[in-house]
Each structure stands twice: as structure tokens, then as C-alpha cells.
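# A look at the structure
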Amino acid sequence: MVPLWRTLALWAFLPALAQLHTVAPGETLFSIAKRYGTTVEALARLNGLKDPSRIQAGQILRVRAFEAIPLLEGRLLLGPAFPGRALALAVEGYAGGEAFFQGVRFPLWLSGEKLLGLLAVGALAEPGGYPLRLVLEGEVVEVRVEVQPLAYPKETLVLSPSLKALLQDPALKAERARVVAACPKEGPLRLKRPFLSPVEGARVTSSFGVRRQYGDLFTSYHEGLDLAAPSTTPVRAVAEGVVVLSERLKVRGEAVVLAHGGGLCTGYWHLAQRAVRVGERVKGGQVLGLLGNTGLSTGPHLHLEARLQGIPIDPAPFFQALPWP
């Protein structure tokens, strides 16, 4: 067990480091926010914009701030936090460690001269301060993470009698547990580039985090990204990984789960057909199966899911850029 005698409590952040973006012709603050996985409000605050609708081509904006926090042997770079999003951090000056956030342990891995980490912020987390605890070679560091507000849309689903009965099936919890348990929790994250598109020509029909009313049963949130395309369209891996689940499930239909390291897994639900087996290592862009309408589904689509240590996070920001400074 790591000794707790070297503890720092750091509740005030120093000026932030930032990633810069040059506004291209035709871009809006909304499109830029969507690209970098943030919000119009956050970009406006970060850049001191009084009127978010008035930006010009060639203007340089700060798009992703990292708080620089001094440590005994180096410093911590901490990214912005939003409900349902991955929270990136980098630690300089240490060779090993782990992080604890919202009751979950997250591994840190060495990449070059930095420790990198990717944490999950719960999709239902209320805005406000949350403690983050880092254990770094015997040094225990506690910082306050400010989760910023992020509005999600709402929708109501009309259920057929068969779908309603399926949602009331007590086996659903066991299916979720099986999906979560399939994903390894240790090892370095192997992402080398942003996610590739899993379905060519698909359109987004439901985004992550949408608050859903399931008929008259209950309200929950959408744990993935729905991509509609014609049946039997090839479904491809968003990144290299190892197949840790490939089977027919009751709600998720024909399903595949890929492990990418660092506790990050992606799930591909409602397939018409699977083309990979458990234990197989696949490359980004490799065909995993064919798009379908199996399980709890109201039409042909891919439900793409990303989970960190079993916690659902929005996969959309991963298509634009890797999150670390």
C-alpha cells in the first residue's frame, strides 16, 4: 500500500495552458465547440467573447485549457471536465501512479516523459467541484475538479409491447454487467490517432447523453452514439484493439466489444452479423460486422458506445483529436 504521509491539498489552479485553433472561413463557435468536445459557453468564457456569434476567419481561439498545477517533483496538467466526457490529465516528473475520481480507480501510464491518464466524468454529474486523488510514487495529491455545465436534449420513445416487455426483463442488469466485465481495466491506452468513422455515410440519429423517457416506464440517458445507415453496411473498428466480446445479447443484439487499453472499450451493438472472434487483435478500420437491427432496436443502425472503467462516455470528441496536451 502506498504511504499517505506525503500529501498535498491543492485547491487553487494556476493560469492554464491552452490548445489554439485558427478560425477557418465558414466556421462558427458552435462547430468549433463540437469539434473539440466542448461547449459554446466554455469557449466564450475561455476567450472572453462578449458575443459568441461574432468570430472571424483567421481569429485565433483557445479551445482546450489545461490547468497547470505544481507538484513536489513536477506538475499536473488537468483538462476541462464536463458531464459524460473523458477528462484528460498529464503528469510530469513521475514514472508511475494512479488516479481516483468519483469513486473509481483509473490507471496512469508512461508515455515518453509524461504519465497520461483518462478519467470518466459521470453523465449525470451535477456542475460543481469534485475531489481528484492522485497517488504518485508515494506522494498523494488531492485537487478539485470543476465539472462545468453541459445541457443534453430530451426525447420520448414510443415502445411496442415487445420492446416494453424486453425493458422490464430482469436479465438486463446481468447483460450490462457482462459487457462491463469484458473490458480489461489495466494497461496503457493504445490510441495513437483520433477515432476512425465506424460506418461510411452514416447520419447521427441520437447523440450521447440524450435524456430518454422510455414510454411510461422510466427515464434514463442514451449511453452511446446512434448512426443510421442501410442494413448490411460494413461496421468498422474506430481504432486498433482486442476483441473481448463477440456474441448475441438480448438488448444489444449481435454485439462486439473492443479493448483499447487504459480501461477504454468501444461497443458495437445491433449488428446483423459479426465478423470477429474473442481474442482477435484488429486494426483501426477493420470490418467487425454488418450494420443491422437486432436486439432492442427500432430500425437499422449502429449504436456505438465508449466506456472508461465501465462508465459510459461520449465517443464523439475522440473523432476530432486525442485529448492530451
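Scope of this entry: the structure provided in the associated data block. (Residues numbered from 1 in each chain as written. Predicted model: local features only at pLDDT ≥ 70, side-chain atom pairs only at ≥ 80, totals over all residues. Heavy atoms only, no water.)

## Let's talk about the overall build of the protein chain
Within the protein chain, the secondary structure is distributed over four helices and 23 strands. Compactness check: the protein chain gives a C-alpha radius of gyration of 20 Å against a globular reference of 20 Å for 325 residues, within 12% of the reference. For the protein chain, the spread of C-alpha atoms along the principal axes amounts to about 55 × 55 × 40 Å. Residue burial in the protein chain is summarised as follows: out of 325 residues, 50% are buried. The long-range share in the protein chain, meaning contacts at least 24 apart out of those at least 6 apart in sequence, stands at 65%. Counting 35 positive and 27 negative side-chain charges, the protein chain places the centres of these two groups 3 Å from one another. (Helix = DSSP H or I, 4+ residues; strand = E, 2+ residues; numbered from the N terminus. Rg over C-alpha atoms; globule rule 2.2 N^0.38 Å. Buried < 20%, exposed > 50% of the residue type's maximum accessible area, 1.4 Å probe, protein only. Contact = heavy atoms within 4.5 Å. Lys, Arg positive; Asp, Glu negative; His and termini not counted. Charge placed at Lys NZ, Arg CZ, Asp CG, Glu CD.)

## Re the state of the cysteines
Counted by the stated rule, this structure contains one disulfide. A disulfide bridge connects C183 with C265, and the sulfur atoms are separated by 2.0 Å. Since a negative S-S torsion denotes a left-handed disulfide, the C183-C265 link at about 95 degrees is right-handed. With C183 in the loop between α4 (171-181) and β12 (203-206) and C265 in strand β19 (residues 264-274), this residue pair connects regions lying 82 residues apart in the sequence. (Disulfide = S-S within 2.5 Å.)

## Thoughts on the side chain of E98
With respect to the secondary-structure elements, E98 resides in strand β6 (residues 98-101). Within the structure, E98 has its side chain in polar contact with the side chain of R105 (distance 2.5 Å). Filtering out sequence-adjacent residues up to four positions away, E98 remains in contact with R105, F106, L108, R133, L134 and V135. (Polar contact = N/O pair within 3.5 Å; in protein donor to acceptor, adjacent residues only side chain to side chain.)

## Comments concerning the environment of A151
Looking at the element boundaries, A151 is found in the loop between β10 (139-147) and β11 (154-157). Judged by relative accessible area, A151 falls into the exposed class, the value being 75%.

## Focus: the nonpolar core
Within the largest apolar cluster, 63 residues are counted, with the highest numbers of intra-cluster contacts made by L132 and Y268. Judged by nonpolar contacts, the second largest core, of eleven residues, contains I32, Y36, L43 and I55. (Core = buried A, V, L, I, M, F, W, Y, C linked by side-chain atoms within 4.5 Å.)

## Details of the side chain of T39
If you trace the backbone, T39 turns up in the loop between α1 (29-35) and α2 (40-47). A polar atom in the side chain of T39 sits 3.0 Å from the backbone nitrogen of A42. If we skip the residues at most four places from it in the chain, T39 touches A33, F82, P149 and L150.

## Notes on the pattern of salt bridges
Tallied over the full model, the rule gives twelve salt bridges. In this structure, the salt-bridge partner of E175 is R252, at a minimum N-O distance of 2.7 Å. Highlighted residues: E175 in helix α4 and R252 in the loop between β17 (241-249) and β18 (253-259), separated in sequence by 77 residues. A salt bridge links R178 to E247; the nearest nitrogen and oxygen atoms lie 2.6 Å apart. With R178 in helix α4 and E247 in strand β17, the pair connects residues that are 69 residues apart, well separated along the chain. Residues participating in the shared-partner salt-bridge network are R176, E223, E305 and R307. (Salt bridge = Lys/Arg side-chain N within 4 Å of Asp/Glu carboxyl O.)

## Quick notes on unusual backbone geometry
One non-glycine residue, Q102, lies in the positive phi region at around 50 degrees. Along the polypeptide, Q102 turns up in the loop between β6 and β7 (104-111).

## Section: α2
Three or more residues of α2 are buried, namely A42, L43, A44 and L46. Among the residues trailing α2, G48 stands out with phi positive, at a value near 65 degrees.

## Description of the environment of E223
Within the fold, E223 resides in the loop between β14 (218-221) and β15 (225-228). With a relative accessible area of 11%, E223 lands in the buried category. For the pair E223 and P312, spaced 89 residues apart in sequence, the C-alpha to C-alpha distance is 5.8 Å. Apart from residues no more than four positions distant in its own chain, E223 is found in contact with R176, F208, H303, E305, R307 and P312. Polar contacts involving the side chain of E223 include one to the side chain of R176, which spans 2.8 Å.

## Quick notes on empty space enclosed by the protein
Across all of its chains, the model carries one cavity of 30 Å³ or more by this definition. Considering only enclosed or pocket space, the largest cavity measures out at about 80 Å³ in volume. For the largest cavity, the lining is made up of 14 residues, of which V179, C183, V257, C265 and R307 are closest to its centre. At the level of elements, α4, β19 and β22 (301-308) are the ones that each hand at least two residues to the lining of the largest cavity. Considering each element in turn, the lining of the largest cavity owes the most residues, four residues, to β19. (1 Å grid on protein atoms, 1.4 Å probe; cavity = no way out; pocket = protein on both sides within 12 Å on 5 of 7 lines; lining within 4 Å. Points joined across faces, edges and corners; volume = space filled by probe spheres on them.)

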